[in-house]
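# Descriptive analysis of the structure
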Amino acid sequence: MIAKVYGHDENDGYVLQFVWYCFAIFNSINSNSWYNLILILDKETVVFNAVVTKHGHFERNTPVHIIYDQVLYDTHNAYSNQTGAFTAPIDGLYVFTWTTLVEAKKIMNTELLVNRIRTGLGSCDNEGNNGYENCSNTIPVLLKAGDEVSIRSTTGNYIYGSTWSSFKGWRT
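Residues numbered from 1 in each chain as written. Predicted model: local features only at pLDDT ≥ 70, side-chain atom pairs only at ≥ 80, totals over all residues. Heavy atoms only, no water.

## Notes on the state of the cysteines
In protein structure, a disulfide is the covalent linkage between the sulfur atoms of two cysteines. Per the stated rule, a full pass over the model turns up 1 disulfide. Covalent S-S linkage joins C124 and C135, the inter-sulfur distance amounting to 2.3 Å. Measuring handedness by torsion sign, the sulfur bridge of C124 and C135 sits at about 75° and is right-handed. Placement of C124 in the loop between β7 (117-122) and β8 (133-143) and of C135 in strand β8 is noted, with a sequence separation of 11 residues between them. The exposure classification of C124 matches that of C135, with both residues buried. (Disulfide = S-S within 2.5 Å. Helix = DSSP H or I, 4+ residues; strand = E, 2+ residues; numbered from the N terminus. Buried < 20%, exposed > 50% of the residue type's maximum accessible area, 1.4 Å probe, protein only.)

Shown next as C-alpha cells:
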C-alpha cells in the first residue's frame, strides 16, 4: 500500500497531490492499477467510469437512454451497464461528466437525468462538418442515496463507440 488518506490535517493539499501523483503513475503503468489506488481511499469514495463499445444508430428525434456497456471501474457497483443508470449509494455532492464522439454529418445532443428529470444538457451537433466531433459536459449534483442518474439523447442519430464515448461520476 502506497498511502492512506483518512482524516484531515494541515497537509491535506499535499496528501491529495500525492494521491493524484500515484494515480498518474499507476495509470501510466497499467490501466487496471487505478483500482489499487481507489482501495487506498476511504469507504465513502464513490467513483465509476463506463464507456460505449459499439457504435449506436438511432432515430433522430426519438429520445434514447444511452447504455455505456463496458464498466471500466465502479467502487460500489452503482452503475448498471444493463439500464445505463447510476444509483447513488450514499448522500452527497456528485460530479458527473459525459463525452460523446460523433462522425461527420451526425448529431447526438444529450441530457443528464436525475430521477428522470433533466438536470443538464450536452450538445454534439456535427451535421454541418466533414470530420469527427468530440463533445463533453460536466454537472455537479446533490444526491440522496437511491437517486438515479442517466444520460438520454434529446436529438440524436449516432454515437461513436470503441470506448470513445463515456459516462463518469464521483462523490466529492
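## Thoughts on the sheet that holds strand β11 (residues 166-171)
With antiparallel pairing, the 5 strands of this open sheet are ordered in space as β3-β1-β11-β5-β8. Every interior strand has two partners, whereas the edge strands, β3 (70-74) and β8, have only one. Going from strand to strand, the sheet's axes swing by 10° on average, the running direction of each strand aside. Relative to β11, strand β1 (residues 47-51) runs antiparallel, the two sharing 5 bridges. Opposite V47, over in β11, you have W170 as the bridge partner. (Pairing = 2+ DSSP bridges. Axes fitted to C-alpha atoms, helices over the stretch in contact; angles between N-to-C directions.)

## What to know about the side chain of D147
Looking at the secondary structure, you find D147 in the loop between β8 and β9 (148-156). Although D147 lies buried, it forms no salt bridge, and the closest oppositely charged side chain, K144, sits 7.7 Å away as judged by the N-O distance. In this structure the side chain of D147 is engaged in a polar contact, spanning 3.0 Å, whose partner is the side chain of N115. Leave out the neighbours within four places in its chain, and D147 touches F86, T87, A88 and N115. (Lys, Arg positive; Asp, Glu negative; His and termini not counted. Salt bridge = Lys/Arg side-chain N within 4 Å of Asp/Glu carboxyl O. Polar contact = N/O pair within 3.5 Å; in protein donor to acceptor, adjacent residues only side chain to side chain. Contact = heavy atoms within 4.5 Å.)

## Some remarks on the nonpolar core
Judged by nonpolar contacts, the single largest core of 29 residues is most densely connected at Y68, F86, F96, L112, L143, V149 and F167. Those elements giving two or more residues to this core turn out to be β1, β5 (92-102), β6 (108-114), β8, β9 and β10 (158-159). When residues in this core are grouped by element, the largest group, 5 residues, is from β5. In contact with L143, other than residues within four places in its own chain, are F86, A88, D91, G92, Y94, F96, V114 and V149. (Core = buried A, V, L, I, M, F, W, Y, C linked by side-chain atoms within 4.5 Å.)

## A short note on the environment of T155
With respect to the secondary-structure elements, T155 resides in strand β9. As a C-alpha pair, T155 and N109 span 46 residues in sequence and 5.2 Å in three-dimensional space. Residues in contact with T155, not counting those within four places in the same chain, are R60, N61, I107, M108 and N109.

Limitation: the analysis is restricted to geometry and does not speak to function.
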